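Notes for the structure review
Listed below are the residues making up each chain.
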Amino acid sequence: MEVEGAKISLTPMHRIPRGRKNIQELLNEIDSNEIFSLNETVANFTVTPPTGKEFW
């Protein structure tokens, strides 16, 4: 933990390795059914008129 004035920075004692993946591995993990469901949900939201300060 480091304190600089009003700022506190927390860092782990040891680096936690997360592994590495290439682009193809990341793309293979995409669930197309989940993306389809998300697109349907967002489509309903984006066609409604704004009620506040939304910007599209």
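Refer to the structure above for everything that follows.
Report on the accompanying structure. (Residues numbered from 1 in each chain as written. Predicted model: local features only at pLDDT ≥ 70, side-chain atom pairs only at ≥ 80, totals over all residues. Heavy atoms only, no water.)

1. Overview of the overall build of the chain
Stated precisely, the cut-off is as follows: Secondary structure is summarised from DSSP: a helix means a run of H or I of at least four residues, a strand means a run of E of at least two, and numbering begins at the N terminus for each. Here the radius of gyration uses the C-alpha set of atoms, whereas the globule reference equals 2.2 Å times the residue count to the power 0.38. Relative accessible area decides the class of each residue, using a 1.4 Å probe on protein chains only: under 20% of the type maximum gives buried, over 50% gives exposed, and in between gives partly exposed. Working definition of accessibility: Shrake-Rupley area with a 1.4 Å probe, residue cover restricted to the visible protein chains.
Broken down by element type, the chain carries two helices and two strands. Listing the helices and strands of the chain from first to last along the sequence gives β-β-α-α. The C-alpha atoms of the chain give 21 Å as radius of gyration, which overshoots the globular expectation for 56 residues (10 Å, by more than 25%). In terms of overall dimensions, the chain has C-alpha extents of about 50 × 40 × 15 Å along its principal axes. Split into buried and exposed, the 56 residues of the chain put 0% on the buried side. About 6,200 Å² of surface is accessible on the chain, with carbon and sulfur atoms providing 59% of the total.

Read these as spatial facts, not as claims about activity.
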